[in-house]
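# Remarks on the overall topology
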Amino acid sequence: QVQLVESGGGLVQPGGSLRLSCAASGSILSMYGLGWYRQAPGKQRELVAGTTSSGTTKYVDSVKGRFTISRDNAKNTMYLQMNSLKPEDTAVYYCNAKIRHLVSRREYDYWGQGTQVTVSS
């Protein structure tokens, strides 16, 4: 069974850093269309950062220069390094990926379970 498992959230003071991880497990042929989303209370889920298999990255304007998305293909894991955190970064963060199954070769869209990030003094 393929799934995405997130870790790394928590409480941090303004200006601090956190690194989120999202590990894929199961019989995976490939992962692509990776992205990190967040949803704050009372707000819609938004794309924070995304990366393609060619390495192209994109970020929402509010995190440019502070957040970095990356991946480790050997570990089927994606990361979100978050620096200079602000209170407005507080949200539940979700990872998302399209995964092609090893046996069936079929592609499915997967979401992590979500991890809370709270930026507060």
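Before any of the text, the structure's been laid out above.
Because the structure is predicted, anything quoted here is derived from the model rather than measured.

Inspection of every chain in the model, using the stated rule, returns 1 disulfide. With its sulfur 2.1 Å from that of its partner, C22 forms a disulfide with C95. One disulfide, between C22 and C95, carries an S-S torsion of 60 degrees and so falls in the right-handed class. One end of the pair, C22, is in strand β3 (residues 18-25); the other, C95, is in strand β9 (residues 91-101), and 73 residues separate them in sequence. Comparing C22 with C95 shows no difference in burial state: the two are buried.

So, about the packing of aromatic side chains. With the rule as written, the count across this model stands at 1 aromatic pair. Here R45 stacks its cationic end above the ring of Y94, 3.8 Å away from the centre of that ring.

Let's shift gears to the side chain of R38. As for its placement among the helices and strands, R38 is situated in strand β4 (residues 28-39). Owing to a relative accessible area of 6%, R38 belongs among the buried residues under this scheme. A distance of 2.7 Å separates polar atoms of two side chains, one belonging to R38 and the other to E46. Side chain to side chain, R38 and Y93 meet in a polar contact 3.0 Å long. Residues within four places of R38 in sequence aside, it is in contact with Q44, R45, E46, V48, S62, V63, F67, E88, D89, A91, V92 and Y93.

In this section: the side chain of R66. Residue position: R66 is located in the loop between β6 (57-59) and β7 (67-72). Residues contacting R66, with those up to four places away along its chain left out, are Q81, M82, N83, S84, L85, K86 and D89.

Another aspect to go through is unusual backbone geometry. Glycine aside, residues mostly have negative phi, and peptide bonds are mostly found in the trans state. A positive phi is found at S84, a non-glycine position, where the angle reads about 50 degrees. You can see S84 is positioned in the loop between β8 (77-82) and β9. With phi around 65 degrees, R105 is a residue other than glycine that occupies positive phi space. One can find R105 in the loop between β9 and β10 (107-111). For R105, a relative accessible area of 46% puts it in the partly exposed group.

Parameters and conventions
- Residues numbered from 1 in each chain as written.
- Predicted model: local features only at pLDDT ≥ 70, side-chain atom pairs only at ≥ 80, totals over all residues.
- Heavy atoms only, no water.
- Disulfide = S-S within 2.5 Å.
- Helix = DSSP H or I, 4+ residues; strand = E, 2+ residues; numbered from the N terminus.
- Buried < 20%, exposed > 50% of the residue type's maximum accessible area, 1.4 Å probe, protein only.
- Phe/Tyr/Trp six-rings, centres within 6.5 Å; stacked < 30°, edge-to-face > 60°.
- Lys NZ or Arg CZ within 6 Å of the ring centre and 35° of its normal.
- Polar contact = N/O pair within 3.5 Å; in protein donor to acceptor, adjacent residues only side chain to side chain.
- Contact = heavy atoms within 4.5 Å.

Bear in mind that shape data such as this cannot, by itself, settle questions of function.
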